[in-house]
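# Residue-level structure breakdown
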Amino acid sequence: MMTIRPFEPTDQEYATRVAIHNAVWPAEPTTIDYMRFRDRVWPQEYFIQRLVAEVNGQIVATANYCETHWSYRPGKYDIRINVHPDHQGQGIGRAIYDHMMAELAKRPGTLTMLTSLTQEDRPAVIRFLTNRGFQQQMRFPSSALAVDQFDPTPFAGAVHRMTTRGIHIATLAELQQRDPDWQAHVWELDCTCTLDEPLPDAFSPPTLAQYIAEELETPSFLPEAWFMALDGDRYVGMAVLYKDFADPDHLQAGFTAVRREYRRLGIATALKLRAIDFAKQYGAKRITTGNEEHNPMYQINLRLGFQPLPAKLAFQKELPSDA
């Protein structure tokens, strides 16, 4: 017998939730501490419901459905379902989806859109979504760099072009010591550049407090691996690395971006070079990242030697007003 119920934030259920995530996404493992952190910093003004599915008393799947605070519009919800590989193909995902839809129908207002995310090497999940009316909106290739095989020599010209324009690079660890407003400056740069990033739907910038909580107070934060390009005191570009507690040989590249008026000066490449050099000194064996397939940053990563991995696929389902 299967039961679908709300997730209980106990140590045991967090451990089970992490185990299922890591079984479904083995290339992107997480930890209990990090999952607790992500739950803790969820902005309380936005709805989220976390679920588990039990079969004969054993949790075999986890799921959540939530308002998309990163791209908000009324009636828009993101859904995620993780069924343990040992229990896939048994109708569990279908039952969870039907449960979600029934619960969403009870929510205030009109349900207007559903979004979800999967990976291109998961045909069963793609069929699951398309059979329910979801359509692919964007493709986000992942890629990885073997740090010890990287040769920076061919890219020295990018650093020269940047420095001749008076642009220099500092880490957040350095800026924390001399800029009392470093958090606000990073937040403003990140939000401004994200508005230019290819995304499935319009970006909803976080508040400064939310950005600090999610990005600058995360356990993965490495201030010495946040590289900021500056024109005088103005923050004009950034490249970010996060530590991975589940895999000490790995660093995750976060946002790399440059203000529109400072592009084509070699800044993004120079920032990437600093990040790769840091990874080498840190002892990381690889860096992974992801980009929308038409984003010029993806081509920069490929030129630097990042090798393509299976892409993430963003899906959405528009709902009629009487849904």
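Look up a bit, the structure's there.
These numbers were taken from a predicted model, which means no experiment stands behind them. Just so you know, the residues in each chain are numbered from 1, in the order the chain's sequence is written. Confidence filtering applies because this is a predicted model: local features only for residues at pLDDT of at least 70, side-chain atom pairs given and counted only at 80 or more, and all residues used for totals across whole chains, interfaces and linings. Side-chain measures here rest on the full set of heavy atoms in the structure, leaving out hydrogens and waters.

### Some thoughts on the state of the cysteines
- Cysteine sulfur atoms that come within 2.5 Å of each other are treated as a disulfide pair. In this structure the tally under the stated criterion is zero disulfides.
- Not engaged in a disulfide, the cysteine C193 finds its nearest cysteine sulfur in C191; these two sulfurs lie 9.7 Å apart.

### Topic: the environment of D121
- Structurally, D121 can be placed in the loop between β5 (113–119) and α4 (123–130).
- Measuring from C-alpha to C-alpha, the distance between D121 and P248 comes to 26 Å, with 127 residues separating the pair along the chain.
- Pairs of N or O atoms within 3.5 Å make up the polar contacts considered here, provided that, within protein, one atom can donate a hydrogen while the other can accept it, and that residues adjacent in sequence are counted only when both atoms are side-chain atoms. At a separation of 3.1 Å, a polar atom in the side chain of D121 contacts the side chain of Q119. Going along the chain from the N terminus, every DSSP run of H or I of four or more residues is numbered as a helix, and every run of E of two or more is numbered as a strand.

### Looking at helix α10 (residues 296–304)
- For α10, the complete set of buried residues consists of M297, Y298, I300, N301 and L304. Buried residues of α10, seen end-on, are gathered within an arc of 160 degrees and therefore sit on one face of the element. Summarising the geometry of α10, the exposed residues directed more than 90 degrees from the buried face are P296 and R303.
- Where α10 terminates, the next one or two residues include G305, which has phi positive at roughly 110 degrees. When a residue's accessible area, from a 1.4 Å probe over protein chains only, is under 20% of the maximum for its type it is buried; when over 50% it is exposed; and in between it is partly exposed. Throughout, the arc means the angular range of directions from the helix axis out to the C-beta atoms.

### Some words on the packing of helix α1 (residues 11–24) against helix α2 (residues 32–40)
- Running from amino to carboxyl end, α1 crosses α2 at an angle of 105 degrees, the nearest separation of the two axes being 9 Å. Compared by their axis directions, α1 and α2 come out roughly perpendicular. Along its contact with α1, which presents D11, Y14, A15, R17, V18 and H21, the element α2 presents I32, M35, R36 and D39. Comment: axis = line fitted to C-alpha atoms, over the contacting stretch for helices; angle = value between 0 and 180 degrees taken between N-to-C directions. Relative orientations are named as follows: roughly parallel for angles under 35 degrees, roughly antiparallel for angles over 145 degrees, roughly perpendicular for angles from 65 to 115 degrees, and oblique for any other angle. Contact criterion: two residues are considered in contact whenever any of their non-hydrogen atoms come within 4.5 Å of each other.

### Overview of the environment of V125
- Among the secondary structure elements, V125 is positioned in helix α4.
- Distance in space between the C-alpha atoms of V125 and Q252 is 25 Å, their sequence separation being 127 residues.

### Examining the pattern of salt bridges
- Salt bridges, as used here, are contacts in which a Lys or Arg side-chain nitrogen is within 4 Å of a carboxyl oxygen on Asp or Glu. Taken as a whole and assessed by the stated rule, the structure comprises 18 salt bridges.
- Put simply, R50 and D39 hold a salt bridge, and the shortest N to O gap is 3.0 Å. Residue R50 is found in strand β2 (residues 48–55), and its partner D39 is found in helix α2; the two are separated by 11 residues along the sequence.
- Look at D39 and you get buried, because its relative accessible area is 13%.
- If you follow the salt bridges from partner to partner, you end up with R5, E13 and E54 in one network.

### Topic: the side chain of E67
- Counting through the fold element by element, E67 comes out in strand β3 (residues 58–67).
- We treat Lys and Arg as the positive residues and Asp and Glu as the negative residues; His and chain ends play no part in the count. In this structure E67 is buried but unpaired, with R107 as the nearest side chain of opposite charge at 4.3 Å.
- Only 2.8 Å separates the side chain of E67 from the backbone nitrogen of F47, close enough to count as a polar contact.
- Ignoring any residue separated from it by four or fewer positions in sequence, one finds E67 in contact with W42, E45, Y46, F47, Y72, K76, Y77 and R107.

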